[in-house]
Structures are given as C-alpha cells and as structure tokens.
Amino acid sequence: MASVSLDHALVLAAILFAIGFAGLLTRRNLIVMLACIEIMLNAAGLAFVAAGARWGQADGQVMFLFVLAMAAAEVAVGLALAIRFRQSLKSLDIDDADEMKG
Amino acid sequence: MTAMFYIAAVVAVLSTLMVVTRHNLVHALLYLVVSLFAVAVVFYALGAPFVAALEVIVYAGAIMMLFLFAVMLLNVSAESPIRMRRAWLGPAILVAVLLAEVIYGITRQSQALGGVEVGPQAVSKALYGPYVLGVELASMLLLAALIGARHIAARARDEEEAAESMERRRAKTAGRTRPAEPDLAAQQTLSAEEGDA
C-alpha cells in the first residue's frame, strides 16, 4: 500500500514537473515563465516529501524547506529582473530581448 | 486518505494545466494559487502536515503576494483586459473540492498514506540538529537575494531618475544660454558705441 502510494506521488511530481517544463518552453511571458519555474521547483519538493513520507523520516521535509527558501530567493531576483526588463524594453515578451545591445 | 490524495492530485494537475494555458496573467496566477493549495493537500495526505502548512503560508501566501505585487507594479492588466467574466468560477470550484477534502480529513482522523505521520517536532529536531548548517546557508541565500533584488530594481529607478534629471538640466542650460547670447551681443555693441564716443 505504502509503496504504491510512493510510486503514485512520484508520478504526480513527474506530471507537475512536465507541465511546468512544457509551459516554460511554450510561454513567452516572463512572469508566466517564472511561475512555471515555481511549479517545477514545487514538483521537485513534492518528490522529496513523498520519499521522506515513504520511509517515515523527516529529512524529506527538511529538504523541501531548503527548496522553499531557494524558490523564494529565485522569485525575488527574477521579479526584480522582470521589472527591469519591462522598464528597458517596455514589454514582458522575452522574444523582444533577442538582440544584444551592449 | 487514499481518496484524498488522488482527488488532490487531480485538482493539482488540472489547475497546473490551467496555469500554463491561460492567456490572462492574473488568471494564470489565480490558478497557480489553486495548484499550490492542491499540493499542500497532497502533503497533508502523505503525512507531512508541517510542510503542508508551510506550503500554504510561504508559497501561496508570500511568493504569490510577490507575484501579484510585481503584476501590479508592471501594470500588466492594462495590456490584457479581462475578457472572461466568470474567471473566478474555475478556481473557486477547485478550491471548494480541496476544502471539502481537508474538512473530511481533519474530522475523520484517518491514517496517513506513508504509514507514520512525521510531525513538526521531528522536522524541527532534524532541521536544527544535523541540518543546522543548511539552515544558516539558506538564511544567507535569502539575505543575498533580498539585497540583490533591491539592488536590481532600485538601479532601474536610479537610472530613470538620472536620465530625467539630465534631460531637465540640458533643457535648463539650453534655456539659459539662449537669452544670454543677445545680452552679450548688446553689451559688445554698447561697449563699441562707447569706444566710438
């Protein structure tokens, strides 16, 4: 029973990660791409927590806390960059940034 | 708990698909909140209530607030007007399913899926025992991200202000030099007339 649940939790994590990755590749809005990265990090944390729950250990949850801190740091810097992007290019479409202008 | 896990998993997958497919930015973020709630319920079903609470507080609370503030700062809603009037209906239904699940899970006190439930006490003992170095590193990372984000966002504003003040100064000096030239010419003619006299 428990091992089946671990498998299914890992499958759920893989599905969420795949959806986030597909969104990252297909969407061109900077904010939505950051949200997709959040989804992928969340899926990775879900895999950690599922593995920790399978063995009844707290280590999985501790690793999820570290993933959480990293996601918060990443999104803070990413949104600051998005504000900067918007100010310099007047858009949020990353295809507008395909030219290097020094 | 098994049914709880599967229902929350379906809600998580559906709402995450909606995040990726919505064109309106605010709708996508609304569905992202639902997705994070669903994953929190999955954590609860897996026997990790502490992490489930943190998922709601930090992800759905703090990080989504950061996203919404960025959207408001960037004034994106002006570009993408709301076309779908009933935008709240989908997230509301999905969250209602999750709420019913959580109420069921709390009132029934059923067994966690992993067998044993790992509570906050065990997590805290591990966090401040063998993992204390990681906690310190995470705090340093958060501090660095805070300063970095402030630096990146503030430099944009500084440069904008610098460009504005430079334009203002240029306009002012241009306005000052233009009337100064006839004065100089008049003085020169005056002194020339005095010399003649």
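Bear in mind the structure is a predicted one, so any value in this text is a computation, not a measurement.

J.: Looking at this structure, how should I read the overall build of chain B?
T.: Looking only at helices and strands, chain B has six helices and zero strands in total. Each helix (α) and strand (β) of chain B, taken in turn from the N terminus, gives the series α-α-α-α-α-α. Within chain B, the proportion of its 197 residues that are buried is 34%. Across chain B, the fraction of contacts at a sequence separation of at least 24, relative to all contacts at a separation of at least 6, is 76%. Carbon and sulfur atoms make up 66% of the accessible area of chain B, which totals about 12,100 Å².

J.: Mind showing me how you'd approach the overall build of chain A here?
T.: A count of helices and strands for chain A gives three helices and zero strands. Reading chain A from its N terminus to its C terminus gives the helix and strand order α-α-α. Its C-alpha atoms give chain A a radius of gyration of 17 Å, more than 25% over the compact-globule value 13 Å for 102 residues. Along the three orthogonal principal directions, the C-alpha set of chain A runs to about 55 × 25 × 15 Å. Put simply, of all contacts in chain A between residues at least 6 apart along the chain, 57% involve residues at least 24 apart. As displayed, chain A has an accessible area near 4,500 Å², and 68% of this comes from carbon and sulfur atoms.

J.: Sorry, what's going on with the packing of aromatic side chains here?
T.: Think of a pair of aromatic rings as described by two things: how far the centres are apart, and how the planes are tilted against each other in angle. Under the counting rule described, the total for this entry stands at three aromatic pairs over all chains. Ring geometry for Phe66 of chain A versus Tyr131 of chain B: centroids 6.3 Å apart, planes at 65°, classification edge-to-face. Of this pair, Phe66 of chain A sits in helix H3 (residues 59–89) while Tyr131 of chain B sits in the loop between helix H5 (120–127) and helix H6 (132–196), on two different chains. A relative accessible area of 21% places Tyr131 of chain B in the partly exposed class. Each ring, one from Phe5 of chain B and one from Tyr6 of chain B, has its centre 5.2 Å from the other, and the planes form 80°; the classification is edge-to-face.

J.: What am I meant to see in helix H1 (residues 2–21) of chain B here?
T.: Given 3.6 residues to a turn, an α-helix orients residues that are three or four positions apart in the same direction. With 20 residues, H1 of chain B extends 29 Å from end C-alpha to end C-alpha; this agrees with the ideal 28 Å at 1.5 Å per step. Every buried residue belonging to H1 of chain B is among Met4, Phe5, Ala8, Ala9, Val11, Ala12, Val13, Ser15, Thr16, Val19 and Val20 of chain B, and all of these are buried.

J.: I would appreciate a short explanation of the interface of chain B and chain A in the present structure.
T.: Size of an interface, as often reported, equals the accessible area lost when the parts are brought together. Each side of the interface is counted separately: chain B has 61 residues, and chain A has 55 residues. Across the chain B/chain A interface, buried area totals approximately 5,000 Å², and carbon plus sulfur atoms make up 77% of it. In terms of surface lost to chain A, no three residues of chain B exceed Tyr59, Phe67 and Leu74 of chain B, which account for 13% of the buried area on that side. At the boundary of chain B and chain A, one finds zero salt bridges. Our count for the chain B to chain A interface comes out at six residue pairs in polar contact (both at pLDDT 80 or more).

J.: I keep staring at the side chain of Arg27 of chain A and nothing clicks. Help me out?
T.: Looking at the element boundaries, Arg27 of chain A is found in the loop between helix H1 (2–26) and helix H2 (30–55). With no salt bridge to any partner, buried Arg27 of chain A finds its closest opposite charge in Asp93 of chain A, at an N-O distance of 9.5 Å. Separated by 2.7 Å, the side chain of Arg27 of chain A and the backbone oxygen of Val20 of chain B make a polar contact. In this structure the side chain of Arg27 of chain A is engaged in a polar contact, spanning 2.6 Å, whose partner is the backbone oxygen of Arg22 of chain B.

J.: I keep staring at the confidence of the model for chain A and nothing clicks. Help me out?
T.: Should the pLDDT be low somewhere, the predicted coordinates at that spot are not to be read in detail. Scored by pLDDT, chain A comes out at a mean of 86, with 93% of its residues at no less than 70. Across chain A, H2 of chain A holds the top mean pLDDT of 91, while H1 of chain A sits lowest at 85.

J.: Before we go on, may I ask you to explain the nonpolar core in this structure?
T.: The nonpolar side chains of a soluble globular protein tend to be buried with one another. Among the nonpolar cores identified, the biggest contains 78 residues, and Ile31 of chain A together with Phe67 of chain B are the most heavily contacted of them. Contributing elements (two or more residues each) for this core: H1, H2 and H3 of chain A together with H1, helix H2 (25–45), helix H3 (49–74), helix H4 (89–108) and H5 of chain B. Ranked by the residues each element gives to this core, the list is headed by H2 of chain A, at 15 residues. Residue contacts for Phe67 of chain B: discarding those within four places in its chain leaves Ile31, Leu34, Ala35, Glu38, Val75 and Leu79 of chain A together with Leu29 of chain B.

J.: In this structure, what is going on with H4 of chain B? I would like to understand it.
T.: All names here are of chain B. If you check H4, its first and last C-alpha atoms are 29 Å apart, about what 20 residues at 1.5 Å a residue would give, namely 28 Å. Where H4 is concerned, the buried positions are Pro91, Leu94, Leu98, Glu101 and Gly105. Mapping the buried residues of H4 onto a view down its axis gives an arc of 95°, with all of them on the same face. What points out from H4, more than 90 degrees from its buried face, is the exposed set Ile93, Leu99, Thr107 and Arg108. Check the buried side of H4 and you find it contacts H1 and H2.

The rules behind the values
- Residues numbered from 1 in each chain as written.
- Chains lettered and ligands numbered in written order.
- Predicted model: local features only at pLDDT ≥ 70, side-chain atom pairs only at ≥ 80, totals over all residues.
- Heavy atoms only, no water.
- Helix = DSSP H or I, 4+ residues; strand = E, 2+ residues; numbered from the N terminus.
- Buried < 20%, exposed > 50% of the residue type's maximum accessible area, 1.4 Å probe, protein only.
- Contact = heavy atoms within 4.5 Å.
- Areas by Shrake-Rupley, 256 points an atom, 1.4 Å probe, with all protein chains shown as cover.
- Rg over C-alpha atoms; globule rule 2.2 N^0.38 Å.
- Phe/Tyr/Trp six-rings, centres within 6.5 Å; stacked < 30°, edge-to-face > 60°.
- Expected span 1.5 Å × (residues − 1).
- Buried area = accessible area lost by both parts, 1.4 Å probe.
- Salt bridge = Lys/Arg side-chain N within 4 Å of Asp/Glu carboxyl O.
- Polar contact = N/O pair within 3.5 Å; in protein donor to acceptor, adjacent residues only side chain to side chain.
- Lys, Arg positive; Asp, Glu negative; His and termini not counted.
- pLDDT = per-residue confidence, 0-100.
- Core = buried A, V, L, I, M, F, W, Y, C linked by side-chain atoms within 4.5 Å.
- Arc of directions from axis to C-beta.

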